[in-house]
Amino acid sequence: MNQALEIQSFNDPNEGAIPLHGAEGFAGMRRAGQVAAGVLDMLTPYVVPGAITADLDALAREHVAAAGHDVATIFYRGYSHSLCISVNHVVCHGIPSPKALKDGDIVNIDVTVVVDGWHGDTSRMFLVGDVALKARRLVEVTFEAMWRGIEVAKPGNTLGDVGHAIQRYAEGHRMSVVRDFCGHGLGRVFHDAPNVVHLGKPGKGVLLRPGMFFTIEPMINLGRPDVKLLDDGWTAVTRDRSLSAQFEHSVGITEDGAEVFTLSPAGHRAPPYKVV
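Keep in mind that what you see is a predicted model, and the values were worked out from it rather than measured.

1. A short note on the overall build of the protein
Logical step 1: Helices and strands together make up the secondary structure of the protein, namely 5 helices and 17 strands.
Logical step 2: A principal-axis box enclosing the C-alpha atoms of the protein has dimensions of 50 × 45 × 40 Å.
Logical step 3: Buried positions account for 54% of the 276 residues belonging to the protein.
Logical step 4: Contacts in the protein between residues far apart in sequence, at least 24 positions, make up 69% of those at least 6 positions apart.
Logical step 5: Counting every atom, the protein has about 12,000 Å² of accessible surface; 52% of that belongs to carbon and sulfur.

And the structure:
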């Protein structure tokens with residue numbers, strides 16, 4: 001099908017033109033999503049105490065290149081790595097480095113690949129060694145909050161419904177939702193409309209329609225929601241040094257719900273992940 005006919009749009013007064021994709025787009029996003037999720041599956045046995053985050057980044061780059069695909073983040077707005085690796089109080093966009101992971105760390109690994117022009121974007125939390133109960137609980141709540149948002153992502157609902165479901169669950173467990181970063185539309189474009197804020201009011205915001213593609217990627221803090229950006233221009237950390245966690249899936253709105261493009265091919269769901 002001709003791409004111009006396959007991709008239509010819905011005009012929202014606040015977001016502008018939001019692409020609406022057809023069957024070709026869903027097929028492309030399935031391929032891209034599975035490649036992205038496969039990168040995280042591949043990395044799973046290597047995310048252990050003593051692992052060097054720059055080495056994990058190199059593994060991901062080699063894995064994607066060997067499959068004949070591209071990593072979206074390399075040279076994106078000056079970024080030069082395959083992954084974002086965010087440890088403990090780093091909220092998002094942590095830069096891989098010679099620093100080693102330590103026993104008890106919690107770490108988010110975020111990857112975006114480009115497969116036949118389509119973007120697969122996903123992130124997953126990992127528990128490194130023996131992790132304290134409070135940190136484990138943060139990871140569990142963040143995972144469930146993401147899925148609460150995905151469950152209400154369906155035609156006729158709004159992005160306010162999605163954000164409200166996430167916010168209500170996280171705050172119900174006395175944790176806070178980061179305000180400074182949000183999910184985003186994607187497809188043949190890395191970052192597109194709409195913005196997906198992870199808090200909100202039921203019935204407010206963009207009306208969800210079949211064919212919309214976007215990420216749901218809540219960042220949840222144990223402490224206050226406030227963040228600050230480090231001097232490198234990328235790394236965002238909690239202002240109060242409290243722990244932060246994030247999960248991310250790419251989804252497409254169908255006629256009756258949401259298709260998740262980035263489910264783990266290995267069947268990994270929530271940490272700790274069983275490696276066989």
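2. Notes on helix α5 (residues 159–172)
Logical step 1: Helix length check: α5 (14 residues) gives 20 Å between terminal C-alpha atoms against 20 Å at 1.5 Å per residue, within 8%.
Logical step 2: Of all 14 residues that make up α5, 10 are buried, and the element is covered over most of its length.
Logical step 3: Every buried residue belonging to α5 is among Leu159, Gly160, Asp161, Val162, Gly163, Ala165, Ile166, Gln167, Tyr169 and Ala170, and all of these are buried.
Logical step 4: Next to the buried residues of α5 lie α4 (133–151), β8 (176–177), β10 (192–196), β11 (213–216) and β12 (219–221).
Logical step 5: Where α5 begins, the side chain of threonine 158 points an oxygen toward the backbone nitrogen of glycine 160, at a separation of 3.2 Å.

3. Focus: the packing of helix α2 (residues 23–43) against helix α3 (residues 53–66)
Logical step 1: Remark: α2 packs on α3, axes separated minimally by 10 Å, with the N-to-C direction vectors making an angle of 135°. As summarised for this structure, α2 and α3 are arranged oblique, according to the angle between their axes. As α2 runs across α3, the sense of the crossing is right-handed. Where α2 approaches α3, its residues Gly38, Val39, Met42 and Leu43 are matched on the opposing element by Leu56, Leu59, Ala60, His63 and Val64.

4. Remarks on a positive patch on the surface
Logical step 1: Together, Lys99, Lys228, Arg239 and Arg241 give the surface a local cluster of positive charge.
Logical step 2: With respect to the helices and strands, arginine 241 occurs in the loop between β14 (236–238) and β15 (244–246).

5. A short note on the packing of aromatic side chains
Logical step 1: The final tally for this structure, using the stated rule, is 8 aromatic pairs.
Logical step 2: Each ring, one from phenylalanine 26 and one from phenylalanine 261, has its centre 5.8 Å from the other, and the planes form 65°; the classification is edge-to-face. In this pair, phenylalanine 26 is assigned in helix α2 and phenylalanine 261 in the segment after β17 (258–260), connecting sequence segments 235 residues apart. Phenylalanine 261 shares its class with phenylalanine 26; the two are buried.

6. Thoughts on the pairing of strand β2 (residues 16–20)
Logical step 1: Pairing analysis gives 5 bridges linking strand β1 (residues 8–12) to β2, with the strands arranged antiparallel. Each residue of the ladder has a partner; that of aspartate 12, found in β2, is glycine 16.
Logical step 2: In sequence, β1 turns back onto β2 through a hairpin of 3 residues.

7. Here's the deal with the confidence of the model for the protein
Residues shown with low pLDDT carry predicted positions that ought not to be read at fine detail.
Logical step 1: Averaged over every residue, the pLDDT of the protein is 96; the share at 70 or more is 97%.
Logical step 2: Below pLDDT 50 for its whole length, residues 1–5 participates in 4 contacts with residues either more than four positions away or in separate chains.

8. A few points about the packing of α4 against α5
Logical step 1: The geometry of α4 relative to α5 is characterised by a closest axis approach of 7 Å and an angle of 155° between their N-to-C directions. One element, α4, and the other, α5, form an angle in the roughly antiparallel class. When the axes of α4 and α5 are compared, the crossing they make is right-handed. Listed contacts from α5 to Val141, Glu144, Ala145, Arg148 and Gly149 of α4 are Val162, Ala165, Ile166, Tyr169 and Ala170.
Logical step 2: Tallied by class, the residues present in the contact of α4 with α5 amount to 7 nonpolar, 1 polar and 2 charged.

9. Concerning unusual backbone geometry
Logical step 1: In the segment running from alanine 193 into proline 194, the intervening peptide bond is cis, with an omega of 5°.
Logical step 2: In this fold, proline 194 is placed in strand β10.
Logical step 3: Omega for the bond connecting proline 271 with proline 272 falls within 30 degrees of zero, at 0°, which places this linkage in the cis form.
Logical step 4: Mapping proline 272 onto the fold places it in the segment after β17.
Logical step 5: One non-glycine residue with positive phi stands out, namely histidine 93, at about 65°.
Logical step 6: Examined against the element boundaries, histidine 93 turns out to sit in the loop between β5 (90–92) and β6 (106–115).

Conventions used here
- Residues numbered from 1 in each chain as written.
- Predicted model: local features only at pLDDT ≥ 70, side-chain atom pairs only at ≥ 80, totals over all residues.
- Heavy atoms only, no water.
- Helix = DSSP H or I, 4+ residues; strand = E, 2+ residues; numbered from the N terminus.
- Buried < 20%, exposed > 50% of the residue type's maximum accessible area, 1.4 Å probe, protein only.
- Contact = heavy atoms within 4.5 Å.
- Areas by Shrake-Rupley, 256 points an atom, 1.4 Å probe, with all protein chains shown as cover.
- Expected span 1.5 Å × (residues − 1).
- Polar contact = N/O pair within 3.5 Å; in protein donor to acceptor, adjacent residues only side chain to side chain.
- Axes fitted to C-alpha atoms, helices over the stretch in contact; angles between N-to-C directions.
- Parallel < 35°, antiparallel > 145°, perpendicular 65-115°, else oblique.
- Left-handed = near helix turned anticlockwise from the far one by under 90°.
- Patch = residues over 30% accessible without salt bridge, like charges linked within 9 Å, V, L, I, M, F, W, Y side chains within 5 Å.
- Salt bridge = Lys/Arg side-chain N within 4 Å of Asp/Glu carboxyl O.
- Lys, Arg positive; Asp, Glu negative; His and termini not counted.
- Charge placed at Lys NZ, Arg CZ, Asp CG, Glu CD.
- Phe/Tyr/Trp six-rings, centres within 6.5 Å; stacked < 30°, edge-to-face > 60°.
- Pairing = 2+ DSSP bridges.
- pLDDT = per-residue confidence, 0-100.
- Nonpolar A, V, L, I, M, F, W, Y, C, P; charged D, E, K, R; others polar.

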